Amino acid sequence: MAAPADATPETSLPHIVPAPVELTPRPGTTFTLDADTAVHTHPGSPEALEVGEYLAGILRPSTGYPLPVAQGESDRGVVLSLSGADPVVGAEGYRLDVTEDAVTIRATTAAGLFAGVQTFRQLLPAAIEAADEQPGPWTAPGVTVLDHPRYPHRGAMLDVARHFFPPAEVKRFIDLIAGYKINHLHLHLTDDQGWRLEIKSRPELTARGSLTQVGGGEGGFYTQEEYRDLVAHAASRHITVIPEIDLPGHTNAALVAYPELNADGVAKEPYTGIEVGFSSVAIGSDATYEFIDDVLGELAALTPGPYLHIGGDEALKTPEDEYVAFIRRLLPIVAKHGKTALGWHEYLKAEPAPDVLAQWWGTDPKAPELVAAAERGNKVVLSPGNRSYLDMKYDEHFALGLKWAGYVEVRDAYDWDPGAYVEGLPADAVLGVEAPLWTETVERREHIDRLVFPRLPAIAELGWSPRTTHDWESFRGRLAAQAPRWKVQGVDFHPSPQIAWDEV
Ligand code: TNX
């Protein structure tokens, strides 16, 4: 016998990832998008209007409805308002009310409206994600959602150095991560195998240093115009780009381009393998710092976000005293260009000032150097290799990826607490989390998709959702509900055996 229409059993709670702070169903209520629905955005706010246009841009192809977007107030249709939100939502949260007549999102900023839009998207049928017209009906269950992030820093990284990905591919990546309320995109722009960003004062970097990639393919690079366009695309999704120039190691591509960066003054040959830790710029030479000043100066000018990531990892050929001297000479250059440095945790050996950030990629929760840095005031972003590395294999049968940090199944990615993971690390030192995708084995879109989905949503949830919502059984059910969306979007996710994909 069918359940009465107004019964709302536990199992029919909407499946939202990341889990919201509070979600209360309105039993028996649904909202239906139709040919007359309009999007009303906060009067006088171009940013809110942009979020409205973004939402309409997702809804129009699949519904075939006109969905006009205009500034104004309304109690019908879709309403994006910058007034009336509970202050508890902060700078990135929102309140979402779905009633019979209206879908109302209230926030204090456009970023909050954008986050609310992502939740609303997941309330609609999966076919809403289609690129062409679908039958509908386009109903969303009645709910009240109050939501705001646990951490301000929720990141994903794409390594475009080991394999180059053209701008359209990066934009697709941005669009997909935005759906899970990720707000930082770290681009690993340079490594031994390729230099991927045009630097006008150093043209050989791309003329000579961008021509290869892992496996010997032709590589590539972003012109400054293309890079600016990527940054703007990310910004339109409320994502801040963090560009990384990896120094002093992982620099073979630069050493190919500029002989004077080599300690012996001789240019290196291009490298297309996957070993790490063999290259270094000349630590003691002024030419190195003139080069870095040129590169970081142009990069800072292209980058509206506050951070420049300077790498600092795996400088295995550099003696520790030289490494520390290098970092101490490098950091003032970042500051001179008006940016805050972020670096892989190794650079904490230089005991940098408290205003710079560290990204921890360790696997051992005993990390006394990280704790000591936090005690000196440095904030940290957590990317534990055995939890958040999207390039680790899921299991021994998985063809792509590496396994130096072990296998990372979905549950490994999900079942840890960023606030209590590193022993003795004060909870308030943690700015957030990042899931990096290194691309030694990642050659094309399908490879990206299989490694990123479904593990990125796990890390996104750890970054967004309060610890009180943490529950593997709940997560695996909500994650399974994403699969129909990914299918419609053409995301070639890995059907991990840990998730009951068919029970949705
Ligand atoms: C370590 S994690 C690296 C990268 C590799 C990655 C592969 C880190 C800061 N450095 O150079 O691509 O492992 O998983």
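Reading the values: the criteria
Residues numbered from 1 in each chain as written. Predicted model: local features only at pLDDT ≥ 70, side-chain atom pairs only at ≥ 80, totals over all residues. Heavy atoms only, no water. Pairing = 2+ DSSP bridges. Helix = DSSP H or I, 4+ residues; strand = E, 2+ residues; numbered from the N terminus. Axes fitted to C-alpha atoms, helices over the stretch in contact; angles between N-to-C directions. Near = heavy atom within 4 Å. Polar contact = N/O pair within 3.5 Å; in protein donor to acceptor, adjacent residues only side chain to side chain. Areas by Shrake-Rupley, 256 points an atom, 1.4 Å probe, with all protein chains shown as cover. Nonpolar A, V, L, I, M, F, W, Y, C, P; charged D, E, K, R; others polar. pLDDT = per-residue confidence, 0-100. Contact = heavy atoms within 4.5 Å. Phe/Tyr/Trp six-rings, centres within 6.5 Å; stacked < 30°, edge-to-face > 60°. Buried < 20%, exposed > 50% of the residue type's maximum accessible area, 1.4 Å probe, protein only. Lys NZ or Arg CZ within 6 Å of the ring centre and 35° of its normal. Salt bridge = Lys/Arg side-chain N within 4 Å of Asp/Glu carboxyl O. Right-handed = clockwise from strand over helix to strand, strands pointing away. Domains from an automatic or database assignment. Buried area = accessible area lost by both parts, 1.4 Å probe. Core = buried A, V, L, I, M, F, W, Y, C linked by side-chain atoms within 4.5 Å. Expected span 1.5 Å × (residues − 1). Lys, Arg positive; Asp, Glu negative; His and termini not counted.

Student: Hey, could you run me through the sheet that holds strand β7 (residues 138–147) in this one?
Tutor: The strands making up a sheet associate through hydrogen bonds between their backbones, and the pairing can be parallel or antiparallel. A sheet is described by the order of its strands in space; here seven strands give the open sequence β1-β7-β5-β6-β4-β2-β3, paired in mixed fashion. For this open sheet the edge positions go to β1 (22–33) and β3 (69–71), each flanked by a neighbour on one side alone. Put simply, the sheet's adjacent strands are angled 20 degrees from each other on average, direction ignored. Inspection of the sheet shows strand β4 (residues 77–81) paired to strand β6 (residues 102–106) by five bridges, in the parallel sense.

Student: Would you mind going over the site of the ligand with me for this structure?
Tutor: Close contacts around the ligand come from 14 residues, with R162, Y389, D391, W404 and E440 the closest. Between W404 and the ligand, the recorded distance is 2.7 Å, taken from a side-chain N or O atom to an oxygen atom. Calculation on the ligand without its partners gives an accessible area of 360 Å², and the protein chains cover 98% of this total. Per-class residue counts for the shell around the ligand are eight nonpolar, one polar and five charged.

Student: Is there a simple way to think about the confidence of the model for the protein chain in this case?
Tutor: Predicted coordinates in regions of low pLDDT should not be interpreted in detail. For the protein chain, mean pLDDT is 96; residues scoring 70 or higher make up 98% of the total. The low-confidence segment residues 1–11 (pLDDT under 50) makes three contacts with residues lying over four places distant or belonging to another chain.

Student: Just to check I follow, could you spell out the packing of aromatic side chains for this structure?
Tutor: Across all of its chains, the model carries 21 aromatic pairs by this definition. Look at Y180 and F453: their rings are 6.2 Å apart centre to centre, the planes differ by 55 degrees, and that puts the pair in the tilted class. On the criterion of sequence distance, the pair formed by Y180 in the loop between α3 (167–178) and β9 (184–188) and F453 in the loop between α12 (445–452) and α13 (455–464) is long-range, its members being 273 residues apart. Taken as a pair, Y180 and F453 share a single burial class, namely buried. Pairwise contacts between aromatic rings join Y180, F453, W486, F493 and W501 into one cluster. K349 extends its terminal NZ or CZ atom over the ring of Y323, reaching a point 5.4 Å from the ring centre.

Student: Would you mind going over the side chain of N183 with me for this structure?
Tutor: For N183, the location among the structural elements is in the loop between α3 and β9. Using a relative accessible area of 7% as the deciding quantity, one classes N183 as buried. In terms of polar contacts, N183 uses its side chain to reach the side chain of H184, at 2.9 Å. With residues up to four places along the chain from it excluded, the contact list for N183 reads E92, P152, H153, R154, H238, I239 and T240.

Student: Where do I start with the pattern of salt bridges in this structure?
Tutor: Pairs may arise between side chains of opposite charge once their charged atoms sit close together. In the structure shown here, the tally under the stated rule is 29 salt bridges. In this structure, R76 and D101 form a salt bridge, with 3.6 Å as the shortest nitrogen-oxygen distance. With R76 in the loop between β3 and β4 and D101 in the loop between β5 (94–98) and β6, the pair connects residues that are 25 residues apart, well separated along the chain. Owing to a relative accessible area of 38%, D101 belongs among the partly exposed residues under this scheme. Between K171 and D229 there is a salt bridge whose closest N-O contact spans 2.7 Å. Linking K171 in helix α3 with D229 in helix α5 (residues 224–236), this pair joins segments that are 58 residues apart in sequence. By relative accessible area, which is 22% here, K171 ends up partly exposed. Owing to a relative accessible area of 37%, D229 belongs among the partly exposed residues under this scheme.

Student: What am I meant to see in the pairing of β9 here?
Tutor: Note on strand geometry: in a regular strand, side chains alternate between the two faces of the sheet. Taking burial as the measure, the five residues of β9 include five buried ones, the bulk of the element. Of the two faces of β9, the one carrying H184, H186 and H188 and the one carrying L185 and L187 are both buried. Once you follow strand β8 (residues 153–159) into α3 and on to β9, the crossover reads as right-handed. Where β9 meets strand β12 (residues 240–247), five bridges bridge the pair, whose relative direction is parallel. Looking at β12, one finds that H186 is bridged to I242.

Student: Can you walk me through the domain arrangement of the protein chain in this structure?
Tutor: Quoted interface sizes are often the accessible area lost when the parts come together. Split into domains, the protein chain comes out as domain 1 (9–147) and domain 2 (153–467). Distance from the C-alpha centre of domain 1 to the C-alpha centre of domain 2: 34 Å. Contact with domain 1, which involves 18 residues of that partner, is made by 15 residues of domain 2. Of the roughly 1,400 Å² buried between domain 1 and domain 2 on both sides combined, carbon and sulfur atoms contribute 59%. The largest share of the area that domain 1 buries against domain 2 comes from P18, E92 and F114, three residues that together contribute 36% of it. Across the contact surface, domain 1 and domain 2 share one salt bridge. E92 is paired through a salt bridge with R154; the nearest N and O atoms lie 2.8 Å apart.

Student: So what exactly am I meant to see when it comes to the nonpolar core here?
Tutor: Side chains of nonpolar character tend, in soluble globular proteins, to be buried together. By size, the foremost hydrophobic cluster in this structure holds 151 residues, and its most contacted members are V170, Y227, L296, Y347, L382 and L425. Counting only domains with at least three residues in this core, you end up with domain 1 (9–147) and domain 2 (153–467). Beyond its immediate chain neighbours, meaning those up to four positions away, L425 contacts L370, V371, A374, V380, L382 and V430. By size, the runner-up hydrophobic cluster in this structure holds six residues, among which are I242, Y307, L342 and L431.

Student: What's the story with helix α8 (residues 320–336) in this structure? I'm lost.
Tutor: Every α-helix winds through 3.6 residues per turn, so residues three or four apart in the chain are directed the same way. Its 17 residues place the ends of α8 25 Å apart at the C-alpha level, agreeing with the 24 Å of an ideal helix rising 1.5 Å per residue. Restricting attention to buried positions, one finds in α8 the residues Y323, V324, F326, I327, L330, L331, I333 and V334. Residues of α8 that are buried make contact with β12, α7 (286–302), β13 (307–311) and β14 (340–344). One or two residues past the end of α8 sits G338, with phi positive at roughly 80 degrees.

Student: When you look at the side chain of D147 in this model, what are you seeing that I'm missing?
Tutor: Its place among the elements puts D147 in strand β7. One buried charged side chain, D147, makes no salt bridge at all; its nearest oppositely charged neighbour is K181, positioned 4.4 Å away. At a separation of 2.7 Å, a polar atom in the side chain of D147 contacts the side chain of Y94. Beyond its immediate stretch of four places on either side in the chain, D147 contacts A19, P20, V21, V89, G93, Y94, T119, K181 and W464.

Student: Just checking my understanding: could you explain the sheet that holds strand β15 (residues 357–360) for this structure?
Tutor: Read around the barrel, eight strands follow the order β8-β9-β12-β13-β14-β15-β16-β17 and close on themselves; strand pairing throughout is parallel. Strand-to-strand twist of the sheet, defined as the mean angle between neighbouring strand axes without regard to direction, takes the value 30 degrees. As paired elements, β13 and β14 share three bridges and run parallel to each other. Bridge pairing links L308 to A341 in β14.

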